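# Architecture at a glance
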There are 2 protein chains.
Amino acid sequence: MAESPRSIARLSLYRRLPAELQAEDPEADSVYSHELARRAGVSPAQVRRDIMALGYSGTPNTGYQVEALTASIAAHIDPATPQQLALVGVGNLGTALLQYFRGRQSKLHMAATFDTDPEKVGRTIAGCRCHPVSAIGEVVPAEGITVGIITVPAPHAQETADRLVQAGVGGLLNFAPLHLRVPDQVYVEHMDIAIRLETVAFFALRGRQSPRG
Amino acid sequence: MAESPRSIARLSLYRRLPAELQAEDPEADSVYSHELARRAGVSPAQVRRDIMALGYSGTPNTGYQVEALTASIAAHIDPATPQQLALVGVGNLGTALLQYFRGRQSKLHMAATFDTDPEKVGRTIAGCRCHPVSAIGEVVPAEGITVGIITVPAPHAQETADRLVQAGVGGLLNFAPLHLRVPDQVYVEHMDIAIRLETVAFFALRGRQSPRG
DNA sequence: AGATGTGAAATTCTTCACAGCG
DNA sequence: CGCTGTGAAGAATTTCACATCT
């Protein structure tokens, strides 16, 4: 089973490569591991192993059928039914993310946003109703929300996470610059921009090759 | 030498933990590996090994002196002289990032922004002058910029990266949802929000424990 | 020939466990 | 004692290399 976060992230990446491919060559209905590898920035062996884990097989000398491959990836990583998201903290970054995902067709649906600012509460921002943070406990279960996106200032991030977890979400995407403490069964991805920027700056001066994917 | 991207990222994280710590207990001038570990979400052994690589040593039974530790981390990961950054793509996300880093004191300085929109070019956004993208080749060397942040739409991300690399940057922080192809000596961090969100959504339904970091 | 699928090797990263110090 | 520093073990991940298929 390729069920590590790394492999899931790579599969998610592979999935959108056929679109790139077909933008260049609309005829193409199959693709080699080394072509996917080149576009994904990983090794061909890595691609083959990830795809192997899907249970899908390509054909030697021909590669992978893009349609079948895409379907296999979707079957593996997409939820059976659409999954609901919530975003907490409708500031600059939160709004940018809402715009970013606005209209993106996907199995992930932005169901609600939350903020403490009375100016924002009650309004609809980027097509999404803004609730007061105090309503998390009510709205999250009511909407069946399973994932929370945290874009509040650092001092409020942990309490926001606590509320979301308490309300039942199973995963968090955290943009606040601190490590969230959550129960073991809750999955967190930390999008720590400051840390990543410092890491880039470090290696920018030292000429090290980038890591995977 | 703990010079992997992972270890650099962790050091960057450890560095801001003393501030958290001292906010709770202003008296504290030393800290144990297990305390740092708890706050960073890693194991105590990992903390000790990362710090070992700095050349700094704590004292048994007392832990690490926060001031000396912070200084050691800074000496290891900060540039000797301030490093200049550029951001390309002053849209919602780009502006949010500019605001986010506005006023943050650091060895990293936002020296220029670039956009193609004539409405934005020439203006000062979040305290930073906006140049036309066509000026990258001129401004980047002139300002000594070493890191580029890419927040342009996906279709323009690769050409943006090419321009920045051509102009001499050594590292890129990419927010566009695709893998950038750059020469080996250029370091890239991919902040692929869509992929990370899909990964969270996947594990939110499966209750897997988060990875470290 | 030139792909894929995959056991096995290699590599990288993390944890264990304990000596030694304060 | 309870901590740090660290060699060695262990896990996780990636790559190799080649049998196999078209």
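Refer to the structure printed above.
Description of the structure in this document. (Residues numbered from 1 in each chain as written. Chains lettered and ligands numbered in written order. Predicted model: local features only at pLDDT ≥ 70, side-chain atom pairs only at ≥ 80, totals over all residues. Heavy atoms only, no water.)

Pairing between the strands of a sheet is mediated by backbone hydrogen bonds and can be parallel or antiparallel. All names here are of chain B. Strand order in this open sheet of seven strands is β5-β6-β4-β3-β7-β8-β9, and the pairing throughout is mixed. Looking along the sheet, the strands with just one partner apiece sit at the ends: β5 (124-125) and β9 (187-190). Relative to strand β6 (residues 128-132), β5 is paired through two bridges, and the arrangement is antiparallel. Looking at the pairing, T124 lines up with R129 of β6. This element, helix α8 (residues 154-166), spans β3 (83-88), β7 (145-150) and β8 (171-174) of the sheet and lies at about 175° to β7. (Pairing = 2+ DSSP bridges. Helix = DSSP H or I, 4+ residues; strand = E, 2+ residues; numbered from the N terminus. Contact = heavy atoms within 4.5 Å. Axes fitted to C-alpha atoms, helices over the stretch in contact; angles between N-to-C directions.)

With that settled, consider the protein's contact with DNA strand D. In the vicinity of DNA strand D lie 23 residues, with S43(A), S33(B), R49(B), S57(B) and G58(B) positioned nearest. For DNA strand D, a phosphate oxygen lies 2.7 Å from a polar atom in the backbone of S33(B). Between DNA strand D and the protein, one listed contact pairs a phosphate oxygen with a side-chain N or O atom of Y64(B) at 2.9 Å. Residue composition of the surface near DNA strand D, by class: six nonpolar, 11 polar and six charged. (Near = heavy atom within 4 Å. Polar contact = N/O pair within 3.5 Å; in protein donor to acceptor, adjacent residues only side chain to side chain. Nonpolar A, V, L, I, M, F, W, Y, C, P; charged D, E, K, R; others polar.)

To continue, consider the sheet that holds strand β6 (residues 128-132) of chain A. All names here are of chain A. What the seven strands build is an open sheet, ordered β5-β6-β4-β3-β7-β8-β9; its pairing is mixed. At either end of the open sheet lies a strand with only one pairing partner, and these are β5 (124-125) and β9 (187-190). By the bridge criterion, six bridges tie strand β3 (residues 83-88) to strand β4 (residues 108-115) in an arrangement that is parallel. Paired with L85 across the strands is M110, a residue of β4. Along the sheet face, helix α6 (residues 92-101) touches β3, β4, β5 and β7 (145-150) and points at about 155° away from the line of β3.

Moving on, we get to the relation of the copies chain A and chain B. The two copies are related by a screw motion: chain A maps onto chain B through a turn of 180° and a shift of 0.0 Å along the axis, at an RMSD of 0.0 Å. Both chain copies can therefore be described as sitting about a two-fold axis. Distance from the rotation axis, computed per C-alpha, reaches its smallest value in chain A at L93(A): 3.2 Å. (Least-squares fit on C-alpha atoms with pLDDT ≥ 70 in both.)

The accessible area lost on association of the parts is a frequent measure of interface size. Taken residue by residue, the interface counts 70 residues in chain A and 70 residues in chain B. Of the roughly 6700 Å² buried at the junction of chain A and chain B (both faces included), carbon and sulfur atoms supply 62%. Three residues stand out in chain A for area buried against chain B, namely Y187(A), R196(A) and L197(A), and they jointly supply 10% of the buried area on that side. For the pair chain A and chain B, the interface holds six salt bridges. If you look at where chain A meets chain B, you find 22 residue pairs in polar contact (both at pLDDT 80 or more). A class-by-class count of the residues in the side of chain A that touches chain B yields 36 nonpolar, 18 polar and 16 charged. (Buried area = accessible area lost by both parts, 1.4 Å probe. Salt bridge = Lys/Arg side-chain N within 4 Å of Asp/Glu carboxyl O.)

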